[in-house]
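Chain residues, written in single-letter form:
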Amino acid sequence: AQSVTQLDSQVPVFEEAPVELRCNYSSSVSVYLFWYVQYPNQGLQLLLKYLSGSTLVKGINGFEAEFNKSQTSFHLRKPSVHISDTAEYFCAVSDDTQGAQKLVFGQGTRLTINP
Amino acid sequence: DAGITQSPRHKVTETGTPVTLRCHQTENHRYMYWYRQDPGHGLRLIHYSYGVKDTDKGEVSDGYSVSRSKTEDFLLTLESATSSQTSVYFCAMRQKSGNTEAFFGQGTRLTVV
């Protein structure tokens with residue numbers, strides 16, 4: 001069974017600084033990886049996803065993530081954050097087996113942007 | 001909007017009472033999920049469905065049951081609510097398994113007093 005670990009529960013950064021949110025996964029088979037964002041009092045929406053091909057994936061709002069199979073990681077990055085990026089971010093994994101149905105989430109990372 | 005709604009959005013109930021949360025989708029997606037969100041735990045899967053009348057347990061299914069009699073509706077029932085079930089509940093849908101993203105409802109905040 002797959003699992004996801006988000007290494008930081010909270011990340012405070014200053015506005016216009018770069019940020020990296022870390023995600024490691026565990027799975028015995030090929031996986032699909034996702035990052036979701038949750039703004040206060042809202043549901044989750046997709047930021048980006050890795051399915052196959054290029055290991056560098058670009059998403060909405062200037063975010064990108066890099067899939068590293070050897071390190072089983074899928075870290076999320078943004079070169080310059082804005083106040084509006086304040087939210088909780090979730091990494092998720094789904095595996096590649098036939099009939100795979102579950103989408104497993106990490107514990108979440110709360111990103112706080114300080115002016 | 002992704003075509004998935006939850007009701008009610010907020011509910012306060014007493015310990016020991018039954019509670020049913022409803023998830024309704026208009027996208028004819030095959031897979032539906034119920035998660036609970038708690039601080040420090042992220043989203044944990046309660047139950048999921050892979051078709052009408054086809055459901056299975058997730059990692060935190062104790063105390064919960066589900067039903068899916070129609071493609072568009074996925075109900076989550078707390079048979080006898082406990083304070084440990086105070087949480088925010090999210091429903092999600094996926095068109096296919098594996099490499100497709102999930103679309104989420106807005107959540108239901110349930111308080112058991």
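Residues numbered from 1 in each chain as written. Chains lettered and ligands numbered in written order. Predicted model: local features only at pLDDT ≥ 70, side-chain atom pairs only at ≥ 80, totals over all residues. Heavy atoms only, no water.

Novice: How do you make sense of the state of the cysteines when you look at a structure like this?
Specialist: A covalent bond bridging the sulfur atoms of two cysteines is what the word disulfide describes. For the coordinates displayed, the defined rule picks out two disulfides over all chains. Between the sulfur atoms of Cys23(A) and its disulfide partner Cys91(A) the distance amounts to 2.0 Å. Looking down the S-S bond of the Cys23(A) and Cys91(A) bridge, the torsion is -65°, so its handedness is left-handed. Of this pair, Cys23(A) sits in strand β4 (residues 23-26) while Cys91(A) sits in strand β10 (residues 87-95), placing them 68 residues apart in sequence. The buried category is assigned to Cys91(A), whose relative accessible area is 0%. Here Cys23(B) pairs with Cys91(B) through a disulfide, and the sulfurs are 1.9 Å apart. Given an S-S torsion of about -80°, the disulfide between Cys23(B) and Cys91(B) has left-handed geometry. Taken together, the positions of Cys23(B) in strand β3 (residues 19-25) and Cys91(B) in strand β9 (residues 87-94) put the pair 68 residues apart, joining distant regions of the chain. (Disulfide = S-S within 2.5 Å. Helix = DSSP H or I, 4+ residues; strand = E, 2+ residues; numbered from the N terminus. Buried < 20%, exposed > 50% of the residue type's maximum accessible area, 1.4 Å probe, protein only.)

Novice: So what exactly am I meant to see when it comes to the packing of aromatic side chains here?
Specialist: Two numbers describe a pair of aromatic rings. These are the distance of the centres and the angle of the planes. Applying the stated criterion across every chain yields a total of 14 aromatic pairs over all chains. Between Tyr33(B) and Tyr35(B), the ring centres sit 6.1 Å apart and the planes meet at 25°, which makes this aromatic pair stacked. Tyr33(B) sits in the buried class, given a relative accessible area of 1%. A relative accessible area of 1% places Tyr35(B) in the buried class. Members of the aromatic cluster, connected to one another through ring pairs, are Phe34(A), Tyr36(A), Phe90(A), Phe105(A), Tyr33(B), Tyr35(B), Tyr48(B), Tyr50(B) and Phe104(B). (Phe/Tyr/Trp six-rings, centres within 6.5 Å; stacked < 30°, edge-to-face > 60°.)

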